[in-house]
Structures are given as C-alpha cells and as structure tokens.
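Here's the letter readout for the chains.
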Amino acid sequence: MSSYSIYNEKFKVKQRENPLLQIFPALPKEKYAVIYADPPWHYNGKMQFDRSGMSKENPGWEREIFISSACFKYPTLPTKDLMTLSIESISEEDALLFMWSSSPHLEQAISLGKAWGFEYKTVAFVWNKMNHNPGQYTLSYCELCLLFKKGRIPKPRGARNIKQLLEKPRGPHSQKPEEIAGRIEKMFPLQRKIELFARHKRRGWDAWGLESLLADEFNLAAG
C-alpha cells in the first residue's frame with residue numbers, strides 16, 4: 001500500500017478537467033507580431049506529497065496525507081489538445097512566440113511551438129525562482145521561456161540589451177513574473193501583442209484565456 005493508492009480516489013475528485021472547446025473563448029480575429037504564452041501543461045496526474053506520504057513517517061497512514069497537483073490549481077490540458085489551437089491564424093507573417101515551459105515539458109513545448117507554425121530559436125528567459133522543487137534527478141530552481149520565430153524578426157526593434165536571467169522568488173502557483181512581459185515590451189515596443197492563457201489583461205496587450213475571460217465577466221457584473 002502507498003500514498004498513491006490511498007489517495008487515488010481523492011485525486012479523481014479534486015482534479016479540474018479542461019474541456020478546451022467547451023470552456024475557452026474563440027481566438028481573436030486580429031493578428032499579432034508578438035505572442036506570449038503560458039500553457040496549462042498537463043502532468044499526467046502526477047501528485048506531490050510531503051513527508052506524510054512516506055509510510056515510515058506515517059505508520060498505518062493514520063494522519064491525513066498532504067496531496068497536491070497542478071490540476072488541483074487550474075484546468076490543465078494535454079499537449080495534443082493544445083496543438084489543436086490555431087495560433088498560426090492569429091500571428092503575423094513575421095512573428096515571435098514566447099512560451100513558458102517547465103523542464104519536464106521541454107520536448108513537448110518545442111513540438112507545440114512547431115504545431116502552432118513557429119520554429120524554435122533559443123531560450124529567451126531563465127527564471128530563477130530562488131526556491132527549489134523536489135525532482136527525480138536534481139533540485140529544480142528554474143523555469144524557461146522559449147523563443148520561437150515565424151518568418152522574420154518583427155520590425156522595428158527596440159532594446160537589444162535585455163537580460164536573459166531573472167532572479168525573483170516565485171509567487172502564487174504558476175504565476176509568472178510581470179518583469180518578463182515588461183522586458184518583451186522593451187524589445188518590441190510598437191508591435192501588437194497578445195498573451196495566451198492570461199490571468200488578466202495588461203495595458204498595451206490583448207489577452208486570451210479562461211481566467212482573463214472570467215475576470216472580464218466579473219468586472220462587467222461589478223460595474
């Protein structure tokens with residue numbers, strides 16, 4: 001017996017499914033030269049436990065076991081479903097895609113960028129979260145923002161001295177530092193921009209995603 005077997009049923013209850021076509025809004029009809037995406041990566045039901053998930057620390061499983069998973073926090077999507085999004089249809093002929101990827105999803109992220117009509121070029125940003133997560137091999141501190149290109153680099157260009165590394169403690173689960181969007185703005189200040197899977201709409205950007213849609217509906221109701 002293990003903590004996984006004990007909490008398998010609880011996992012089924014707590015996970016948040018993401019029927020993509022049912023709950024997401026339609027993609028915009030506009031086209032963008034800069035696309036910034038933080039996909040809701042699916043971890044195939046991987047669960048995290050603290051020491052209460054160790055039989056030697058919790059004999060007889062008498063104590064409640066701490067359990068967590070990305071899909072408890074927000075609806076996640078398998079890569080094959082993310083690939084069905086027609087992101088190429090909202091991109092200019094010359095466009096850049098900045099995409100966040102956790103280290104375990106690096107291969108899927110590159111495949112996803114290609115499925116969306118872009119070519120992988122480099123790692124645009126490395127975020128040192130200054131606090132580690134347990135890993136199968138080494139302690140994980142960093143998250144990567146990959147850069148993909150379609151056509152040519154959009155012009156005119158702005159700053160070319162933007163640093164790749166950002167060291168900032170992590171905030172709420174999955175929330176990315178605002179500084180990264182700010183750095184992208186400095187690099188391409190005049191281009192039309194959109195953030196995919198956005199939590200909110202920032203000034204000068206369009207936003208698409210479930211959370212930003214719900215935020216807009218809430219603001220309309222409150223107004």
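Conventions we followed
- Here the residue numbers are simple positions, counted from 1 along each chain's written sequence.
- This being a predicted model, a pLDDT of at least 70 is required before a residue's local features are given, and a value of 80 or more before pairs of side-chain atoms are given or counted; all residues contribute to the totals for chains, interfaces and linings.
- Side-chain metrics rest on all non-hydrogen atoms present in the structure, leaving aside hydrogens and water.
- Only DSSP runs of H or I covering at least 4 residues are called helices, and only runs of E covering at least 2 are called strands; the numbering of each starts at the N terminus.
- Whether two residues are in contact is decided by their heavy atoms, any of which lying within 4.5 Å being enough.
- Every accessible area reported is derived by Shrake-Rupley at a probe size of 1.4 Å, with residue values counting cover from the shown protein chains alone.
- Remark: exposure states derive from per-residue accessible area (1.4 Å probe, protein chains only) relative to the maximum for the residue type, with buried under 20%, exposed over 50%, and partly exposed in between.
- N or O atoms closer than or at 3.5 Å make up a polar contact, with two conditions inside protein: a donor-capable atom paired with an acceptor-capable one, and, for residues adjacent in sequence, both atoms drawn from side chains.
- A pair of strands is considered paired only if DSSP assigns at least 2 bridges between the two.
- Only C-alpha atoms enter the line fits that serve as axes; for helices the fit covers just the stretch in contact. Angles between N-to-C directions range over 0 to 180 degrees.
- We call a set of buried Ala, Val, Leu, Ile, Met, Phe, Trp, Tyr and Cys residues a nonpolar core when their side-chain atoms join them within 4.5 Å.
- Excluding any residue in a salt bridge, patches collect residues exceeding 30% relative accessible area, merging like charges within 9 Å and nonpolar Val, Leu, Ile, Met, Phe, Trp and Tyr side chains within 5 Å.
- The salt bridge definition used is simple: a Lys or Arg side-chain nitrogen within 4 Å of an Asp or Glu carboxyl oxygen.
- The charge count treats Lys and Arg as positive and Asp and Glu as negative. His and the chain ends do not count.
- Each charge is placed at NZ for Lys, CZ for Arg, CG for Asp and CD for Glu.

Participant: Mind laying out the overall build of the protein chain, listing which residues take part and the relevant values?
Facilitator: Within the protein chain, the secondary structure is distributed over eight helices and seven strands. Considering only intrachain contacts with a sequence separation of at least 6, the fraction spanning at least 24 residues in the protein chain is 73%. A total accessible area of about 13,100 Å² is found for the protein chain, and carbon and sulfur atoms account for 51% of it.

Participant: With reference to specific residues and values, describe the environment of Arg202.
Facilitator: Checked against the element boundaries, Arg202 lands in the loop between β6 (193-196) and β7 (206-208). Since its relative accessible area comes to 12%, Arg202 is described here as buried. Sequence separation between Arg202 and Glu178 is 24 residues, and the spatial gap between their C-alpha atoms is 9.6 Å. Of note is the side chain of Arg202, whose polar atom sits 2.7 Å from the side chain of Glu178.

Participant: Tell me about the sheet that holds β7, and please be specific about residues and values.
Facilitator: To summarise the sheet geometry, strands pair through backbone hydrogen bonds and adopt either a parallel or an antiparallel arrangement. Pairing is mixed in the open sheet, where seven strands are placed in the order β5-β3-β4-β2-β1-β6-β7. Sheet topology places β5 (165-167) and β7 at the edges, where each strand pairs with a single neighbour. Taken over all neighbouring pairs, the strand axes of this sheet differ in orientation by 20° on average, direction set aside. Of the strand pairs in this sheet, strand β3 (residues 119-133) and β5 are connected by three bridges, and their pairing is parallel. The residue bridging Trp127 from the neighbouring strand is Leu166, located in β5. The sheet strands contacting helix α6 (residues 106-115) are β2 (91-101), β3 and β4 (140-150), and the helix crosses β4 at an angle near 15°.

Participant: Let's hear about the nonpolar core: which residues, and what values?
Facilitator: By size, the foremost hydrophobic cluster in this structure holds 26 residues, and its most contacted members are Ile35, Trp116 and Leu196. Looking at this core, the elements that each hand over two or more residues are β1 (32-37), β2, α6, β4 and β6. The contacts of Leu196, once residues within four sequence positions are left out, are Ile35, Tyr36, Ala37, Asp38, Ile87, Ile90, Trp116 and Trp208. One finds Val34, Leu166, Phe188 and Trp205 within the second-largest nonpolar core, a separate group that totals 17 residues.

Participant: Please give an account of a positive patch on the surface that cites residues and values.
Facilitator: Judged by side-chain charge, Arg152, Lys155, Arg157 and Arg160 come together as a positively charged surface patch. Its location among the elements puts Arg157 in the loop between β4 and β5.

Participant: Tell me about the side chain of Ser102, and name the residues and values.
Facilitator: On the secondary structure map, Ser102 appears in the loop between β2 and α6. Among the polar contacts listed, one links the side chain of Ser102 to the side chain of His105, at a separation of 3.0 Å.

Participant: Give me the environment of Ser89: which residues, what numbers.
Facilitator: Following the sequence through the fold, Ser89 ends up in the loop between α5 (79-82) and β2. Overall, Ser89 belongs to the partly exposed group, its relative accessible area being 36%. Each C-alpha atom, one on Ser89 and one on Lys31, is 7.4 Å from the other, the two residues being 58 residues apart in sequence.

Participant: Hey, could you go over the side chain of Arg183 for me, with residue numbers and the actual values?
Facilitator: Within the element layout of this structure, Arg183 appears in helix α7 (residues 178-187). Glu179 provides the closest opposite charge to the buried, salt-bridge-free Arg183, at an N-O distance of 7.2 Å. Not counting residues up to four positions away in its chain, the partners in contact with Arg183 are Phe125, Ile162, Lys163, Gln164, Leu165 and Leu166.

Participant: Now, about the pattern of salt bridges: what can you tell me, with residues and values included?
Facilitator: Pairing between side chains of opposite charge can happen when the charged atoms of each approach one another. Tallied over the entire structure, the rule returns nine salt bridges. One salt bridge connects Glu143 with Lys176, and the closest N-O pair in it is separated by 3.4 Å. On the criterion of sequence distance, the pair formed by Glu143 in strand β4 and Lys176 in the loop between β5 and α7 is long-range, its members being 33 residues apart. Residue class for Glu143 comes out buried when judged on its relative accessible area of 13%. Each of Asp38, Lys129, Glu143 and Lys176 takes part in a single network of salt bridges with overlapping partners.

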